[in-house]
Amino acid sequence: MNIKTKEYVDNVLKTENRDFSSILPRFDDKIIKEVFALSQLIDYAGEMADGYKKLVFYGKQSKSKLLNSSEVNLVTEGVVHNVLEKLDDKTIRLLHAAIGVFTEAAELNKAVFDYVFHDKKLDDINIVEEIGDLTFYAAVGVNAVGQDSLDLSMERNIAKLKARYGDKFNEE
């Protein structure tokens, strides 16, 4: 199968829950507060990850808060022992892709949650750009594992969705 991007989106949309009348009642005060708190954590972690991405992969100093040594020591006890021997070109590219996807997802999160929780204007162009940035890092990741396009990732994702939600693909 050689899936096209439009076909991929059409297939993904078959499994997206668009039953908004059943989704909306789940947004009670408790959930809204928890989602807001999670959004703040994602935003904070995304800014920190972006700072490290810029520092490590682009050699740029970051304006973002980076972890201080006591915070680092608290969570990294015993982690460093064999990391350097794993850092070949492929692994470095995969780290770049993983951190990049996370930071761009955090930026997408911020754009949406600023609109929902902070009454900022919803910027559709920025949303599309952030999704494009996510695709950039996804492309780096698939290329790092020897693929020359996102086709295989999209095909495998649709196969997984068909296995999980087969009935949705039989509806037309």
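Residues numbered from 1 in each chain as written. Predicted model: local features only at pLDDT ≥ 70, side-chain atom pairs only at ≥ 80, totals over all residues. Heavy atoms only, no water.

Engineer: Looking at this structure, how should I read a nonpolar patch on the surface?
Structural biologist: Together, Val 83, Leu 84, Leu 87, Ile 92 and Leu 95 make up a nonpolar patch on the protein surface, roughly 410 Å² of accessible area in all. Among the secondary structure elements, those contributing two or more residues to the nonpolar patch are α5 (83-86) and α6 (89-118). Assessed through its relative accessible area of 34%, Val 83 is described here as partly exposed. (Patch = residues over 30% accessible without salt bridge, like charges linked within 9 Å, V, L, I, M, F, W, Y side chains within 5 Å. Areas by Shrake-Rupley, 256 points an atom, 1.4 Å probe, with all protein chains shown as cover. Salt bridge = Lys/Arg side-chain N within 4 Å of Asp/Glu carboxyl O. Helix = DSSP H or I, 4+ residues; strand = E, 2+ residues; numbered from the N terminus. Buried < 20%, exposed > 50% of the residue type's maximum accessible area, 1.4 Å probe, protein only.)

Engineer: What is the right way to read the pattern of salt bridges from this model?
Structural biologist: Where charged atoms of side chains with opposite charge meet at close range, the side chains can pair. Counted under the stated rule, the structure contains seven salt bridges. When salt bridges with common partners are traced through the structure, they connect Asp 50, Lys 53, Lys 54 and Glu 104 into a single cluster.

Engineer: Would you mind going over the confidence of the model for the protein chain with me for this structure?
Structural biologist: When pLDDT is low, close inspection of the predicted coordinates is not appropriate. Looking at the protein chain, pLDDT values average 87 and 92% of them are 70 or higher. Confidence scores differ between elements of the protein chain, with helix α4 (residues 69-76) showing the lowest mean pLDDT of 70 and helix α7 (residues 124-144) the highest of 95. (pLDDT = per-residue confidence, 0-100.)

Engineer: Looking at this structure, I do not really get the nonpolar core. What am I missing?
Structural biologist: Inside soluble globular proteins, nonpolar side chains tend to come together where they are buried. Core analysis: the largest hydrophobic core is formed by five residues, namely Tyr 8, Met 154, Ile 158, Leu 161 and Phe 169. With three residues, the top contributor of residues to this core is helix α8 (residues 151-164). Among residues more than four places away in sequence, those in contact with Leu 161 are Val 12, Thr 15, Gly 166 and Phe 169. (Core = buried A, V, L, I, M, F, W, Y, C linked by side-chain atoms within 4.5 Å. Contact = heavy atoms within 4.5 Å.)

Engineer: How should I be thinking about the side chain of Ser 39 in this particular structure?
Structural biologist: Inspection of the secondary structure puts Ser 39 in helix α3 (residues 29-58). Apart from residues no more than four positions distant in its own chain, Ser 39 is found in contact with Asn 109 and Phe 113.

Engineer: Would you explain a negative patch on the surface in this entry?
Structural biologist: A cluster of acidic residues, Asp 123, Asp 124, Glu 129 and Asp 133, forms a negative patch at the surface. Structurally, the position occupied by Asp 133 is in helix α7. By relative accessible area, Asp 133 is classed as partly exposed at 31%. (Lys, Arg positive; Asp, Glu negative; His and termini not counted. Charge placed at Lys NZ, Arg CZ, Asp CG, Glu CD.)

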